[in-house]
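What follows is the residue order along each chain.
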Amino acid sequence: MSDREHTFDRDYWDEHYAGPGVESHRREPNPYVVRETAALTPGTALDAGCGEGVEALWLAEQGWDVTAADIASEVLRRARGRTAHDAAGRVRWVEADLSTWQPAVRLDLVTTFYAHPTIPQLDFYDRLAGWVAPGGTLLIVGHGHGHGHGHGHGHGHGHGHGHGPPPEATVTAASVAARLDPEQWDVVTAEDTSRVHVFDGGEKVLDDVVVRATRRTSPA
């Protein structure tokens, strides 16, 4: 798939995950979900754009009741196949276009890791924010503008060998936090950060954006 064809629709992601070398065999959850949810009381959660389901399964193992949604049928097949026995009853896998689908109720935790929909990235985050219950948490982990330089294959919602995401899929912490009305949200974390992702065959420097916010139970 050429760099000009970043449509982020169902066909795009099905083709992406069916491509050679895309399956990551990743077992450890994103470090930011571990850090940012450590003090939260488990409840209902949504992993929007769950990919292979590593974070969804980890949340379930911590006691969360998780809806794991992704547009790509191929990656959901893989995710269902790796469901741990002790987490199986706590994860509901949903094939859904997150630019149009929405959950039936608001949730205690809405999170996403590098997911790219067909709609503009910040508009997508606005949709996710609307699904958080009063007192609940929004956790966004996205691509920074320099994401993915280095060598080797991407992971999760990466974009192939030696490539980072296209510009329209990148954000800054400030741009995400600015979309959250301060009368309705307390922003706990808003950072642009980097880490080295090591995997079989190489390593990659990931420039990440991490935003965590709590929806107020009443306006400020």
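Quick caveat: nothing in here was measured; it's all calculated off a predicted structure.

Asks: Help me understand the overall build of the chain, please; the structure alone is not making it clear to me.
Replies: Regarding its fold elements, the chain presents six helices and eight strands. Beginning at the N terminus, the succession of helices and strands in the chain can be written as α-α-β-α-β-α-β-β-α-β-β-α-β-β. Considering the chain as a whole, with its 220 residues, one finds that 49% of them fall into the buried category. Relative to all contacts within the chain whose residues are 6 or more apart in sequence, the contacts with residues 24 or more apart total 74%.

Asks: For this particular structure, what's the right way to read the nonpolar core?
Replies: Here is a general trend for soluble globular proteins: nonpolar side chains tend to be buried in one another's company. Of all hydrophobic cores here, the largest spans 25 residues; its most connected members are Val 110, Leu 128 and Leu 138. When contributions to this core are tallied by element, the ones reaching two or more residues are strand E1 (44-48), strand E4 (107-113), helix H5 (121-129), strand E5 (132-143), helix H6 (173-177) and strand E8 (202-215). No other element matches the four residues that H5 contributes to this core. Beyond its immediate chain neighbours, meaning those up to four positions away, Leu 138 contacts Val 110, Leu 128, Ala 129, Val 132, Leu 180, Trp 185, Val 211, Arg 212 and Ala 213. Core analysis: the second largest hydrophobic core is formed by 23 residues, Leu 57, Ala 60, Leu 76 and Tyr 114 among them.

Asks: Even after reading the chapter, I still don't get the confidence of the model for the chain, so can you show me in this structure?
Replies: Reading fine detail from the predicted coordinates is not recommended where pLDDT is low. Confidence in the prediction of the chain, expressed as mean pLDDT, is 83, and 75% of residues score 70 or more. A low-confidence stretch, residues 147-162 stays under pLDDT 50, and its non-local contacts, those more than four residues away or across chains, total 63 contacts.

Asks: Looking at this model, I keep getting lost on the side chain of Asp 47. Mind explaining?
Replies: Of note, Asp 47 is situated in strand E1. Non-local contacts of Asp 47, meaning those with residues more than four positions away in its chain, are made with Glu 55, Ala 56, Val 66, Thr 67, Ala 68, Ala 69, Thr 111, Thr 112 and Phe 113.

Asks: So what exactly am I meant to see when it comes to the side chain of Thr 170 here?
Replies: As for its position among the elements, Thr 170 is in the loop between strand E6 (149-150) and H6. Here the side chain of Thr 170 touches His 145 through a polar contact of 2.8 Å, side chain to side chain. Here the side chain of Thr 170 touches Pro 167 through a polar contact of 2.8 Å, landing on its backbone oxygen.

Conventions adopted
Residues numbered from 1 in each chain as written. Predicted model: local features only at pLDDT ≥ 70, side-chain atom pairs only at ≥ 80, totals over all residues. Heavy atoms only, no water. Helix = DSSP H or I, 4+ residues; strand = E, 2+ residues; numbered from the N terminus. Buried < 20%, exposed > 50% of the residue type's maximum accessible area, 1.4 Å probe, protein only. Contact = heavy atoms within 4.5 Å. Core = buried A, V, L, I, M, F, W, Y, C linked by side-chain atoms within 4.5 Å. pLDDT = per-residue confidence, 0-100. Polar contact = N/O pair within 3.5 Å; in protein donor to acceptor, adjacent residues only side chain to side chain.

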